[in-house]
Amino acid sequence: MRIHALVAIGASLLMLSGASFVHAVKPEDNQATREKGKQIYEHACLLCHGVDGRGDGPAGWFLSRYEGPRPRDFRGGSYKFRSTPSGELPIDQDLFRTVTQGISGHMPPYSGLSEEERWQVIAYIKSFNQGFKGPVSIALLLPNPPGPPSAAGIDNGRTVYIKYGCQNCHGDNGYGDGKEALDGNLKDTYGHTISPGDLTERASFKGGSSAQAIYRGIMTGLDGTPMPSYADTIGGNDKDVWDLVYYILSLSQERQ
Amino acid sequence: MTGYHRISAQALGRILVVVMFFVVAGLADWSPLLAAPQSSSESTGPVIVGRILYRGPVPAPTQLAVNRDTDVCGVTISTASLSVDAGTHGLRNAVVHVDLAAGEVSARIVFQSPAVVRNKDCRFQPHVAAAQMGDEVQIFNDDPVMHNTNIIVENSTALNVAMVAGGNPIKKRLKKLGLHLVKCNVHKFMQAYRVVFDDPYFDQTTETGQFSISGVSPGTHRISVWHEILGVVEKEVQVPARGTVVVDLEYK
Ligand SMILES: [Cu+2]
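What you see is a predicted model; the values in this text were computed from it and never measured.

Caption draft 1: Broad picture of the sheet that holds strand β13 (residues 191-197) of chain B. All names here are of chain B. In space, the five strands of this open sheet follow the order β7-β13-β12-β9-β10, with mixed pairing throughout. Looking at strand neighbours, the two that pair on one side only are β7 (128-132) and β10 (156-163), the edges of this open sheet. Between one strand and the next, the sheet's axes are offset by a mean angle of 20°, whatever the strand orientation. Of the pairings in the sheet, the one linking strand β9 (residues 147-153) to strand β12 (residues 178-183) comprises three bridges and is antiparallel in character. Looking at β12, one finds that Asn150 is bridged to Lys183.

In structure tokens form, the structure reads like this:
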């Protein structure tokens, strides 16, 4: 383990407050940090995301040529995994989470990089998009899940699933076989055909399969895809969303 | 299409000026002003009026099969991308813009109406509209079925919101310039356009192809016109210091 990681762990142990561990080692976003990030990018990210961050690296070009989703275009492309409203850029913690966890089935987790290295590469990735120089997006309020789920709540979650139109794409039983998917109508913003998540398979939850991650995906939507944000239209109806989250999790219970 | 994709610091400056105006004026209630038509106090400056014409063949409306919610949407949806007035050849739903060079932009403040996107009878209404950067876009769902309003600008999501039946309307600021493609992923036949500019020198044509743009500084300017299937036409126009200048443009 790297020395700076040890130092960071020590520092975080000393901080007895609830402050997030990641803040303890986040370097300042300056030229030196971005320069280090560039070196990491070139051996860890460039193959898919390309020299200029266009999502057209040697492997990315191939991945995106015939079917979606293509690797993120860091210059102006939409970010799927955010805690911010639809159409907004992610906050730093969103990028840190994606780099750390990876994207199930699409991008490996980079937890092998030290936290400082992850922040460095994030600083470099952000330099591709001028939007990050503007005001920082405000994250939606993402509460901790109430628990534990109840049978009545899961029943209501099924009703909400239909009311919210989830079955149109994810299918009546969540297998990702809804009519829009079967008819090939689901395209990303580049016009590539993409498939909706199979909600019976936790590995298919690209933004993470925890209750909170699913809640976040429903509220923010996945920009660049047909998955819309529900935060505004159902605003204030938090209980229904949590019931829906637990219903969705129940679909993959038997397969775990 | 230069006028459709330019990003201008001046536009942001103007928005700031508008905000500061409100702060200075200490107005408690913005809604009457925001809802006011864009024509206030323009009696002195020049006005460009004209007509966009198209004399080519007009195909019959396409009948698209409805794949779901037929009880609400009907079995087919009739769409006419080309709407031309038979008597005058005036082209509806074209967006007209006066392209001013940098530094020519007038400091005039214009209060726009909110840009509305209404999901009604499984269509987006209106089908085409122009708006100014920073305007509020209000999205409503009048139908008893779910829609989503997915607005795409240059291969990127500008806004993609679920519109649950009976859910809240959406109110957001327009933050991106250029051509906005509006789609519903629940009903693939639903499609509309918004064109967003960084200045107020635009209009969209009426049923008879007419437009009117005021507040432009005098001089030689280029007028550019966008239409969803006919593309772009442009023309230079001499704008006098005051009075009305008439200019017609025709898609050939
Ligand atoms: Cu719809």
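Caption draft 2: Fine view of the packing of aromatic side chains. A full pass over the atoms with the stated rule returns 13 aromatic pairs over all chains. Their ring planes at 70° and their centres at 5.0 Å tell us that Tyr124(A) and Phe128(A) sit as a pair that is edge-to-face. Each member of the pair, Tyr124(A) as well as Phe128(A), is classed as buried. Ring geometry for Phe197(B) and Phe202(B): centres 5.3 Å apart, planes at 20°, overall stacked. Geometry around Trp119(A) places Lys26(A) over its ring, the cationic atom sitting 4.7 Å from the centre. It is Arg118(B) that lies over the ring of Phe140(B); its NZ or CZ is 4.6 Å from the centre.

Caption draft 3: Fine view of the pattern of salt bridges. Residue and element names in this part refer to chain A. Overall, the coordinates contain 20 salt bridges over all chains when judged by the stated rule. Asp92 is paired through a salt bridge with Lys26; the nearest N and O atoms lie 2.6 Å apart. Highlighted residues: Asp92 in helix α6 (residues 92-101) and Lys26 in the loop between α2 (21-25) and α3 (31-44), separated in sequence by 66 residues. Two residues, Arg97 and Asp94, come together in a salt bridge whose shortest N-O distance is 3.0 Å. Residue Arg97 and its partner Asp94 are both found in helix α6; the two are separated by three residues, about one turn of the helix. What emerges from the salt-bridge pattern is a single network uniting Lys26, Asp92 and Lys126.

Caption draft 4: Representation of the coordination of the copper ion in the model. Residue and element names in this part refer to chain B. Around the copper ion, the donor atoms from the protein are His147 (ND1), Cys184 (SG), His187 (ND1) and Met190 (SD), and they sit 2.0 to 2.5 Å away. For the copper ion, the single-chain donor residues occur in sequence as H-x36-C-x2-H-x2-M. Placement of His147 in strand β9 and of His187 in the loop between β12 and β13 is noted, with a sequence separation of 40 residues between them. Relative accessible area serves as the criterion here: at 0%, His187 is assigned to the buried category.

Caption draft 5: How the structure looks around the interface of chain A and chain B. Listed as interface residues are 28 residues of chain A and, on the opposing side, 25 residues of chain B. Of all residues in chain A, the largest losses of buried area upon contact with chain B belong to Thr189(A), Asp232(A) and Thr233(A), amounting jointly to 26% of the total for that side. Applying the counting rule to chain A against chain B returns three salt bridges. With a shortest N-O distance of 2.8 Å, Arg68(B) and Glu180(A) are connected by a salt bridge. Connecting chain A to chain B are 20 residue pairs in polar contact (both at pLDDT 80 or more).

Caption draft 6: Highlighting the domain arrangement of chain A. Residues and elements named next belong to chain A. The domains assigned to chain A are domain 1 (28-75 + 92-133) and domain 2 (151-250). Computed over C-alpha atoms, the centres of domain 1 and domain 2 are 26 Å apart. Facing the twelve residues of domain 1 at the interface are eleven residues of domain 2. Taking both partners together, domain 1 and domain 2 bury about 860 Å²; carbon and sulfur atoms supply 49% of that area. On the surface where domain 1 and domain 2 come into contact, there are zero salt bridges. The tally of links between domain 1 and domain 2 comes to one residue pair in polar contact (both at pLDDT 80 or more). Looking at the side of domain 1 that touches domain 2 residue by residue, the class counts come to two nonpolar, six polar and four charged.

Caption draft 7: A look at helix α11 (residues 211-220) of chain A. Residues and elements named next belong to chain A. In terms of residue burial, α11 counts as a mostly covered element, since nine of its ten residues are buried. All buried positions along α11 are accounted for by Ala211, Ala213, Ile214, Tyr215, Arg216, Gly217, Ile218, Met219 and Thr220. In the core, the buried residues of α11 are packed alongside α6 and α12 (238-251).

Caption draft 8: Quick peek at the pairing of strand β16 (residues 219-227) of chain B. Residues and elements named next belong to chain B. With five bridges joining them, strand β4 (residues 95-99) and β16 adopt antiparallel strand pairing. Residue Val96 lies in a different strand from β16, and its bridge partner there is Val225. Pairing of β16 with strand β17 (residues 231-239), which is carried by nine bridges, proceeds in the antiparallel orientation. Residue His227 lies in a different strand from β17, and its bridge partner there is Gly231.

Caption draft 9: Main features of helix α8 (residues 151-163) of chain A. All names here are of chain A. In this model α8 runs 19 Å from its N-terminal to its C-terminal C-alpha over 13 residues, within 8% of the 18 Å that 1.5 Å per residue would give. When we look at burial in α8, the residues that qualify are Gly153, Gly157, Val160 and Tyr161. Around the axis of α8, the buried residues are gathered within 105° of arc, so they sit on the same side. Turned more than 90 degrees from where α8 packs its buried face, Ala151, Ala152, Asp155 and Thr159 sit exposed. Of the surrounding secondary structure, the elements contacted by the buried residues of α8 are α9 (167-170) and α12. Following α8 by one or two positions, Gly165 adopts a phi angle in the positive range, close to 75°.

About the cut-offs
Residues numbered from 1 in each chain as written. Chains lettered and ligands numbered in written order. Predicted model: local features only at pLDDT ≥ 70, side-chain atom pairs only at ≥ 80, totals over all residues. Heavy atoms only, no water. Pairing = 2+ DSSP bridges. Helix = DSSP H or I, 4+ residues; strand = E, 2+ residues; numbered from the N terminus. Axes fitted to C-alpha atoms, helices over the stretch in contact; angles between N-to-C directions. Phe/Tyr/Trp six-rings, centres within 6.5 Å; stacked < 30°, edge-to-face > 60°. Buried < 20%, exposed > 50% of the residue type's maximum accessible area, 1.4 Å probe, protein only. Lys NZ or Arg CZ within 6 Å of the ring centre and 35° of its normal. Salt bridge = Lys/Arg side-chain N within 4 Å of Asp/Glu carboxyl O. Donors = N, O, S within 2.8 Å, 3.2 Å for Na, K, Ca; no water. Contact = heavy atoms within 4.5 Å. Buried area = accessible area lost by both parts, 1.4 Å probe. Polar contact = N/O pair within 3.5 Å; in protein donor to acceptor, adjacent residues only side chain to side chain. Domains from an automatic or database assignment. Nonpolar A, V, L, I, M, F, W, Y, C, P; charged D, E, K, R; others polar. Expected span 1.5 Å × (residues − 1). Arc of directions from axis to C-beta.

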